[in-house]
Amino acid sequence: MSSRQDCRTRYPIILAHGIGVTERGGLYIPWGRVPAALRAHGAQVFFGGQDAWGSIETGASQLAAAVRQVRRETGCARVNIIAHSKGGLEARHMISRMGYGKYVASLTMLATPNRGSRVAELLLHARPGIAAWAHGNDAWWRRHGDKNPDSLRAAEQLTPACLTLFNRTHPDAACVYYQSWGARLGRGNPDLAMQMTHGLFFHADGDSDGLVTPGSARWGRYRGTLEGVSHQQLVGVGAEGGRSFDARAFYVHLAQELSEMGF
């Protein structure tokens, strides 16, 4: 039986969400009961607080503010970041380009499009009226808490071409432990929204979690591909993440590993 303190990591944990959501909501509400499960096992858990539709640079600045706040509140010199999707790119930018590597002990990325997403690329080129949609989306999110929404730039930054340049200009920090997981949707998954994007873009993007392929998610120490899990289920959305994926158990085990490694 696991200890109720086995997630007490040396450094506090910041959960950094992906695009289109905030901790208050959006396309879905990320993390579900994961933070409560981690805290019940002794972890100190905080949130990244990024805009839903900000650019990578905007999200990185907001994540940096969260790091500073957590360090002040806890007195810890460094933090562990667990990032989903675009949140991983914002963390990488903060570490590499803003000099925050000295404040980050580990970066765990879940389905982060480190090599881009063809879904984003094809939607930008195929969707009529994309500029009008972006203008309306920015206006809506500005009213609902985003400080600097820029939907068009946020989507463009997720394309393979942009991520090729991003990877050339964002070297990893030697003092940070990087690890990652990818996911594949599989057949019969109940996440209908991700099943739709998976089916529409399968021939262009290959097998994915609905938005990001395992090959794109691979960065640092690749921990493997979670089978039968959608992009949304990775953050505890939809019946605790699907029939074969227990999101709370996954994150508790992740925190246990970080603790055992001295992070």
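Residues numbered from 1 in each chain as written. Predicted model: local features only at pLDDT ≥ 70, side-chain atom pairs only at ≥ 80, totals over all residues. Heavy atoms only, no water.

S.K.: I'm lost on the overall build of the protein in this one. Help?
M.R.: On a plain count of helices and strands, the protein comes out with 10 helices and 8 strands. The principal-axis extents of the C-alpha atoms in the protein amount to approximately 50 × 40 × 35 Å. Within the protein, the proportion of its 263 residues that are buried is 57%. Of the contacts formed within the protein by residues at least 6 apart in sequence, a portion of 78% connects residues at least 24 apart. For the protein, the computed accessible surface area is about 11400 Å², with 55% contributed by carbon and sulfur atoms. With 29 positive and 21 negative side-chain charges, the protein shows a separation of 5 Å between the mean positions of the two kinds. (Helix = DSSP H or I, 4+ residues; strand = E, 2+ residues; numbered from the N terminus. Buried < 20%, exposed > 50% of the residue type's maximum accessible area, 1.4 Å probe, protein only. Contact = heavy atoms within 4.5 Å. Areas by Shrake-Rupley, 256 points an atom, 1.4 Å probe, with all protein chains shown as cover. Lys, Arg positive; Asp, Glu negative; His and termini not counted. Charge placed at Lys NZ, Arg CZ, Asp CG, Glu CD.)

S.K.: What should I look at first to understand the pairing of strand S6 (residues 104-110) in this one?
M.R.: If a strand is regular, its side chains alternate between the two faces of the sheet. Extensive coverage of S6 is indicated by the burial of 7 of its 7 residues. Here strand S5 (residues 79-84) pairs with S6 via 6 bridges, running parallel. Looking at S6, one finds that Ile81 is bridged to Leu107. Tracing the backbone out of S5, into helix H3 (residues 86-97) and back to the parallel element S6 gives a crossover that is right-handed. Pairing between S6 and strand S7 (residues 177-184): 5 bridges, direction parallel. In the strand pairing of S7, Ser106 is matched with Tyr177. (Pairing = 2+ DSSP bridges. Right-handed = clockwise from strand over helix to strand, strands pointing away.)

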